[in-house]
Structure formats: structure tokens, C-alpha cells
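The residues making up each chain are set out below.
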Amino acid sequence: MNNYVFIGPPGAGKGTMAKKMAEEFGYTHLSTGDLIRNEQQKGSALGKLADQLIDQGNLLPDKVVIEMFQNFILDNPTKVGYIFDGFPRTPEQAKHFSAFLLKARIPFTNAVYLDLPPHVSLARLLKRAEIEDRKDDTKETIQHRLRVYDAKTKPILKFFHDRGKLLTIDAQGTPEEQYARLKDALELKTV
Ligand code: AP5
Ligand code: MG
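Only a predicted model underlies this, so the values are computations on that prediction, with no experimental measurement involved.

Participant: Would you mind showing me how to read the site of ligand 1 here?
Facilitator: Surveying the vicinity of ligand 1 reveals 30 residues, the closest of which are Thr16, Asn58, Arg89, Arg128 and Arg145. Here Gly15 contributes a backbone N or O atom positioned 3.0 Å from an oxygen atom of ligand 1. Between ligand 1 and Gly173, the relevant distance is 2.9 Å, taken from a nitrogen atom to a main-chain nitrogen or oxygen of the residue. Elements with a minimum of two residues in the shell around ligand 1: helix H1 (14–25), helix H2 (32–42), helix H6 (118–131) and helix H9 (175–186). Here the shell around ligand 1 gets four residues from one element, more than from any other, and that element is H2. Counted by class, the shell around ligand 1 contains 11 nonpolar, 12 polar and seven charged residues.

Here it is, written out as C-alpha cells:
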């Protein structure tokens, strides 16, 4: 069993790459962003809390997201492995993530950093805004999300690097090019 964390700025292709790996190899994909947006649609208490944060591009409290992650693991056992897309996202979340996996005897393989320049993130997400209705895909909110990413999430790259667990992938180019690079780096073979 292999388990991966995908880290990268908004628009880096975390979701796109995770979906491809889930489809081709059977990985279980956890996107905390998708889970939160589901709660918003349901209008749950968590969804209402999210309404005030996610649409403006701010992070939800660590405690809330850590609990969401733990519940997801308990509800979704896997033999192939997990892809954690967008979690952990702060040093506090990274600490809890590592401790939880250890306790649950789930091996941790690598954190994969999808490296993308901010102007490409912005261009991709403005394009998505024309097709999908994500409230946080306006120019100002995307720029805010990029700042939140720099301030809160980038420090966890060091956390994984210090543990010898960080792989970096160039996230530019087409999704197919990016996916080929990812499979090379993770040594995943198409059969
Ligand atoms: P989340 O849903 O994780 O959003 P994000 O990190 O801002 O990233 P995106 O989903 O926009 O981008 P992505 O990297 O997945 O790229 P994608 O494949 O979609 O989080 C949203 C919010 O939820 C946060 O702001 C926060 O409020 C909350 N949240 C989530 N996790 C949290 C946590 N752990 N703690 C606290 N709060 C949390 O691709 C983007 C677009 O580009 C798509 O249209 C796609 O088709 C296109 N595309 C992808 N790859 C390529 C390519 N190679 N070339 C061209 N286009 C491409
Ligand atoms: Mg995503």
C-alpha cells in the first residue's frame, strides 16, 4: 500500500492528477475541498461555517479539517492506498497527519509537490471560472488563495523535506504531460 499527499498552489492540478491515479490504479482520493463543498451544498453546520471562509479563500480551522480527515480514513478503508489532496495544509495539520498515520499503522510514502508559477495558477482558475461555478474562482479570491498558500501551506514543504519524503514535480504543461511526469516520479507503471 502506498499513500501520497499532494501539495501545490490552487490550480496546480492536485484534483486532476488524483482523479487520474484513482481511476487508473484504484487509489482512494480524499479532497478536503470537495468534502467541504459537499457540506456547503447540504447546508450542514459545517457547511455554514465554511460559507464564511471558503468562498473568500480562507482556510477552515485546523481542528475541523483534522477531524474530517480522521473520519474519512475510518469510513474508507483501502488496500491500494490514499491520495490526500489538499490535506495537510498547515504545519499543525501535518503534525496531526503524521501522528494519526503512525497510530493507525498506515505507511506514508511521499508528499508530492506540484510546482506551478502563480501566473499559471491564475490563468487556469480563471478559465475554470468560465465553465464551473466555484465561488472562490474570482481574480481577487484566487490571488488571496495564492497568498494564503504561501503563508500557511508552503512551510509544510520543509516538514516533509526534512523527513526525506518530498518529491517535486513540474506542474506546467498539459494534464497528460503532468501525469506522465508524476507516474515516472512515483514509479507507477501502466499495465
Ligand atoms: P481546494 O478545493 O483544495 O482548492 P485549492 O487548493 O485552491 O485548489 P484547486 O482545487 O483550485 O486546484 P487543484 O490543485 O486541485 O487543481 P485542479 O486539478 O482542480 O480547497 C478549497 C478551499 O477549501 C480552501 O481555500 C479552504 O477554504 C478549504 N480547505 C480545503 N482543504 C483545507 C485544509 N486542509 N485546511 C483548511 N481548509 C481547507 O485544476 C484546476 C483547473 O485547471 C481545472 O479547471 C483543471 O481542469 C485545470 N487543469 C489542471 N491541470 C491542468 C494542466 N496541466 N493544464 C491546464 N489546465 C489544467
Ligand atoms: Mg482541487
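Participant: Looking at this structure, I do not really get the side chain of Thr78. What am I missing?
Facilitator: Secondary-structure assignment places Thr78 in the loop between helix H4 (62–75) and strand S3 (82–85). At 3.0 Å, the side chain of Thr78 forms a polar contact with the backbone nitrogen of Val80. Within the local environment of Thr78, its side chain forms a polar contact with the backbone nitrogen of Gly81, the two atoms lying 3.0 Å apart. In this structure Thr78 touches Met1 and Thr28, once residues within four positions along its chain are discounted.

Participant: Before we go on, may I ask you to explain the pairing of strand S4 (residues 110–115) in this structure?
Facilitator: The element S4 is extensively covered by neighbouring structure, given that five of its six residues are classed as buried. Two elements, strand S1 (residues 4–7) and S4, share four bridges in a ladder whose sense is parallel. If you follow Phe6 over to S4, its bridge partner there is Val112. The pairing of S4 with strand S5 (residues 166–170) spans five bridges and is classified as parallel. Bridging across to S5, Leu114 finds its partner in Ile169.

Participant: Got a minute to help me understand the sheet that holds S5 in this structure?
Facilitator: One key point about sheets: their strands pair by backbone hydrogen bonds, in either a parallel or an antiparallel sense. The strand order S2-S3-S1-S4-S5 describes an open sheet built from five strands, whose pairing is parallel. With partners counted over all chains shown, the strands left at the sheet margins are strand S2 (28–31) and S5, one partner each. When strand polarity is set aside, the average angle formed by the axes of neighbouring strands in this sheet is 20 degrees. As paired strands, S2 and S3 are joined by four bridges and run parallel to one another.

About the cut-offs
Sequence positions are assigned chain by chain, starting from 1 and proceeding in written order. Ligands are numbered from 1 and chains lettered from A, in the order in which they are written. Totals for whole chains, interfaces and linings use every residue, but because this is a predicted model, local features are given only for residues with pLDDT of at least 70 and side-chain atom pairs only at 80 or more, for both listing and counting. Neither water nor hydrogens contribute to the side-chain values; these are computed over all heavy atoms in the structure. Consider each residue's heavy atoms; a residue with any of them within 4 Å of a molecule or strand counts as near. Distance and chemistry together define a polar contact, namely a pair of N or O atoms within 3.5 Å, with one atom able to donate a hydrogen and the other to accept it when in protein, and with adjacent residues in sequence counting only for side-chain atoms on both sides. Note on conventions: DSSP H or I runs of at least 4 residues are helices, E runs of at least 2 residues are strands, and numbering of each starts at the N terminus. Three classes are used: nonpolar for Ala, Val, Leu, Ile, Met, Phe, Trp, Tyr, Cys and Pro, charged for Asp, Glu, Lys and Arg, and polar for all others, with Gly counted as polar. Residues count as neighbours in contact if any of their non-hydrogen atoms are within 4.5 Å of one another. Classification of residues uses two cut-offs on accessible area relative to the type maximum, computed with a 1.4 Å probe and protein chains only: under 20% is buried, over 50% is exposed, and between them is partly exposed. One requirement defines pairing of two strands: DSSP has to find at least two bridges between them. Simply put, an axis is a line fit to the C-alpha atoms, just over the touching stretch for a helix, and the angle between two N-to-C directions goes from 0 to 180 degrees.

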